[in-house]
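Letter by letter, the chains look like this.
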Amino acid sequence: MDRLDDEGDDRSQPMAHGPAEDGSTVNPAVPSTERSRRPAPPTRDAQPARSGELWETVFSRNNVLRALQRVESNRGAPRVDGMTVSELRPWLRLHWKDIRRALDAGTYRPSPVRRVTIPKPDGGERELGVPTALDRLIQQAIAQALTPIFDPEFSPHSYGFRPGRNAHQAVRAARAFVVEGYTWVVDVDLERFFDRVQHDVVMARVARKVDDRQLLRLIRRYLDAGVMVEGVKQASVEGTPQGSPLSPLLANIMLDDLDRELERRGHRFVRYADDVRVHVKTERAGQRVLTGITEFVRRRLKLQVNKAKSSVRHAARALVLGFGFYLHKGVAIRVAPKALRRMRERVRVLTRRSWRIAMPERMVRLNRFVTGWCAYFALAETGSTFEEADQWLRRRLRQVRWKEWKRPRARFRNLLALGIPQQKAREWAGSGIGCWRMAGSPPLSRALSNAYWVHLGLSGFYSQWRRLRQTW
């Protein structure tokens, strides 16, 4: 990469509102109107980045190399141009000077993104836009340069896709609000947020702090690059495609106005990307807040709130980022039912009786999943959930093992080897009940005990949960 770069360092009017008993209302008493078409000035102290300097920062050698390392670590499938991430670095050694000249001259044109559709956990589909490897690199470089400009001014209640912030912090903040007595949750769902963001609106907000016209034009070209669907390019007149390095930052820039409005009204809230939760003290106040947010989002952000998915619920029934709360002698974090169902669906796939795979390899894949799942959900404070998951997992494995032994003679021989008395081993081996029922029976539970699976290398949910809780 020594030839990568030879030049680098080698608001409108806020809504009127009526008072509420607990000060938790954003519902306007009178419909608000826009003062002008100009974007509202930022309320925090911030100086726009000076023209020219920011462009050189984006494409400095160090920044581009960091972006390249990030793109390579994320890997990913080939894009519309067929280039894989592993092929990007050698290609850049030959072509980066030409790309940089085109960027400086303003003649570079981003390629359309490749449309990818993935299923949502709760049904439906999510559309992703996957840029080419080169465009991922350039967008990553832009995001790295813009983050230090925008991120320090973002709300402390915003946790998604920000340096040093994560989902666990958002869940802990939500619990703190519940502990304070704000036990009603306004859950706001922005309808197809990443697909509906208007380009003019988001660019106006970027231009509040970026005074580099050359960089603004390049960002706009990425928004207007279009989408490749079945070999046909389709124009993109709105939206910031999920899957690009710039989208999370642009989403936070876009929704920062909502954060500021909620802060101005003194609300307790948590936002993670386009997932917004406002905590209030009463259901009535929650309904007013939901109405006010819906109007604010429509007028100021030119977006829509999905009324079917937005709700006002008690904290005992509301969910946040895969977690919920138990409200009994305090507030405890629990795993959301949907997350448990998805976990069981995955474990069922990994413990299929019809899957012909050696038990050691099955253990490796199970452990990989269990470790990753617990790394996130170990924030839950209900150890019984993980113990129950272990009991169910071991039963799934016992039925796999029983199926593998197949014939009564093999079952008899293996039971004897596990220390079961001969008479009992013969009786159980000749049983005609099904694998699942047998897996839950006391005889097989004693033969294939917890110690048996630990000896085979199984890393259970509860042991992972306990280990992680001790390190936090």
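Counting restarts for each chain: residues are numbered from 1 in the order of the written sequence. Note on the predicted model: pLDDT of at least 70 is required for a residue's local features to be given, and 80 or more for side-chain atom pairs to be given and counted; whole-chain, interface and lining totals, by contrast, use all residues. Side-chain calculation: all heavy atoms of the structure are included, whereas hydrogens and water are not.

On a regular strand, one side chain projects to one face of the sheet and the next to the other, so that they alternate. When DSSP finds at least two bridges between two strands, those strands are taken to pair. Starting at the N terminus, helices and strands are each numbered in turn, a helix being any DSSP run of H or I of at least four residues and a strand any DSSP run of E of at least two. As paired strands, strand 9 (residues 323–327) and strand 10 (residues 331–335) are joined by five bridges and run antiparallel to one another. By the bridge assignment, Y326 is partnered in strand 10 with A332. Between strand 9 and strand 10, which follow one another and run antiparallel, lie three residues, and K329 among them has a positive phi close to 55°.

Over the atoms a probe the size of a water molecule is rolled, and this reveals where empty space is left. Think of a 1 Å grid over just the protein atoms. A cavity is a set of points where a 1.4 Å probe fits yet cannot get out, a pocket is an open set with protein on both sides within 12 Å along at least five of seven lines, and lining residues have an atom within 4 Å of a point. Grid points are joined across faces, edges and corners, and a volume is the space filled by probe spheres set on the points. Volume-wise, the largest cavity comes out at about 120 Å³. Lining the largest cavity are 14 residues; nearest its centre among them are Q139, Y222, L223, P241 and S244. Every element with two or more residues in the lining of the largest cavity is listed here: helix 4 (133–150), helix 8 (213–223) and helix 9 (247–264). Amino acid classes used here: Ala, Val, Leu, Ile, Met, Phe, Trp, Tyr, Cys and Pro are nonpolar; Asp, Glu, Lys and Arg are charged; the rest, including Gly, are polar. Here the residues of the lining of the largest cavity are counted per class, giving eight nonpolar, five polar and one charged. Of the voids in this model, the second largest cavity is the one considered here, and its volume is about 80 Å³. The wall of the second largest cavity is formed by ten residues, among which F150, R205, R208, D256 and R260 lie closest to the centre. At four residues, helix 9 tops the list of elements feeding residues into the lining of the second largest cavity. For the lining of the second largest cavity, the residue count by class is four nonpolar, no polar and six charged.

For the rest of this paragraph, the subject is the packing of helix 2 (residues 61–74) against helix 3 (residues 88–105). Note on method: axes are straight lines fitted to C-alpha atoms, helices fitted across the in-contact stretch only, with angles between N-to-C directions ranging 0 to 180 degrees. Interaxial distance between helix 2 and helix 3 falls to 11 Å at its minimum, and their mutual angle equals 150°. Between helix 2 and helix 3, the interaxial angle falls into the category roughly antiparallel. Contact with helix 2, carried on its side by V64, L68, Q69, V71 and E72, involves L88, R89, L92 and W96 of helix 3 and no other residues of that element. Every angle not falling under 35 degrees, over 145, or within 65 to 115 is termed oblique; those three ranges are roughly parallel, roughly antiparallel and roughly perpendicular. In this description, contact between two residues means that some pair of their heavy atoms is separated by no more than 4.5 Å.

Quick look at the packing of aromatic side chains now. Each Phe, Tyr or Trp ring, with Trp reduced to its six-membered ring, pairs with another whose centre is within 6.5 Å; inter-plane angles below 30 degrees give stacked pairs, above 60 give edge-to-face pairs, and intermediate values give tilted ones. For the structure shown, the criterion picks out 13 aromatic pairs. Arranged with centres 5.6 Å apart and planes meeting at 90°, the rings of W373 and F461 form a pair that is edge-to-face. With W373 in helix 12 (residues 359–377) and F461 in helix 19 (residues 461–471), the pair connects residues that are 88 residues apart, well separated along the chain. Exposure class is identical for W373 and F461. Each is buried. Pairing F386 with W465 gives two aromatic rings, centres 5.6 Å apart and planes at 25°, and the pair type is stacked. Placement of F386 in helix 13 (residues 383–405) and of W465 in helix 19 is noted, with a sequence separation of 79 residues between them. Placement of a charge over a ring requires the Lys NZ or Arg CZ to be within 6 Å of the ring centre, with the centre-to-atom vector within 35 degrees of the ring normal. Seen from the ring of Y159, R165 lies directly overhead, with NZ or CZ sitting 4.9 Å from the centre. Seen from the ring of Y326, R334 lies directly overhead, with NZ or CZ sitting 5.4 Å from the centre. Exposure categories follow from relative accessible area, calculated using a 1.4 Å probe and restricted to protein chains: below 20% of the type maximum is buried, above 50% is exposed, and the middle band is partly exposed.

Our next topic: the confidence of the model for the protein chain. The predicted coordinates ought not to be read in detail in places where the model reports low pLDDT. The predictor's confidence in any single residue is recorded as pLDDT, a number from 0 to 100. Counting all residues, the mean pLDDT for the protein chain is 85, and 83% of those residues have values of 70 or more. Taking the mean pLDDT of every element in the protein chain, the minimum, 62, falls on strand 5 (residues 232–234) and the maximum, 97, on helix 5 (residues 167–179). Low pLDDT, under 50, characterises residues 2–43; the stretch is placed with 112 contacts to residues that sit more than four places away or in other chains.

What follows concerns the sheet that holds strand 7 (residues 275–280). Across the sheet, which stays open at both edges, the four strands sit in the order 6-7-3-8 with antiparallel pairing between neighbours. Edge positions in the sheet fall to strand 6 (268–272) and strand 8 (311–314), since each has one partner strand and no second. Across the sheet, the mean angle from the axis of one strand to that of its neighbour is 20°, orientation sign disregarded. Two elements, strand 3 (residues 184–189) and strand 7, share six bridges in a ladder whose sense is antiparallel. By the bridge assignment for strand 7, D189 is matched with D275. Packing against the sheet, helix 9 makes contact with strand 6 and strand 7, and its axis sits at approximately 175° to strand 6. Against the sheet, helix 10 (residues 283–300) touches strand 3, strand 7 and strand 8, its axis set at about 20° to strand 3.

In this structure, F412 sits in helix 14 (residues 408–417). Judged by relative accessible area, which is 19%, F412 ranks as buried. For the pair F412 and W428, spaced 16 residues apart in sequence, the C-alpha to C-alpha distance is 7.7 Å. Ignoring anything within four residues of it in the chain, the contact list for F412 reads Q422, A425, R426 and A429.

A few words on the nonpolar core. Residues I138 and I142 are the most contacted members of the largest nonpolar core, which totals 69 residues. The element best represented in this core is helix 4, accounting for ten residues. Each residue touching I142, except ones within four places of it in the same chain, is listed here: V58, L215, L218, I219, Y222 and L246. Formed by 53 residues, the second largest nonpolar core is a distinct cluster that contains I333, F377, A425 and M438. Only buried Ala, Val, Leu, Ile, Met, Phe, Trp, Tyr and Cys residues count toward a nonpolar core, and they belong to the same one when joined by side-chain atoms within 4.5 Å.

Our next topic: a positive patch on the surface. Patch membership requires more than 30% relative accessible area and the absence of a salt bridge. Residues of like charge join within 9 Å; the nonpolar side chains Val, Leu, Ile, Met, Phe, Trp and Tyr join within 5 Å. Values of accessible area rely on a 1.4 Å probe in the Shrake-Rupley scheme; residue burial ignores everything except the protein chains shown. Salt bridges, as used here, are contacts in which a Lys or Arg side-chain nitrogen is within 4 Å of a carboxyl oxygen on Asp or Glu. Positive: Lys, Arg. Negative: Asp, Glu. His and the chain ends are not part of the count. The location of each charge is read from NZ of Lys, CZ of Arg, CG of Asp or CD of Glu. Residues K309, R313, R317, K338, R341 and R342 make up a contiguous surface patch of positive charge. Counting residues per element, the positive patch draws most heavily on helix 11 (residues 337–350), which supplies three residues. When you line up the elements, R313 lands in strand 8.

Note: most residues except glycine have negative phi, and most peptide bonds are trans. Residues other than glycine seldom take positive phi values, yet R192 does so here, at roughly 45°. The topology assignment puts R192 in the loop between strand 3 and helix 6 (193–196). With a relative accessible area of 45%, R192 lands in the partly exposed category. Residues other than glycine seldom take positive phi values, yet K302 does so here, at roughly 60°. As for its placement among the helices and strands, K302 is situated in the loop between helix 10 and strand 8. K302 sits in the partly exposed class, given a relative accessible area of 38%.

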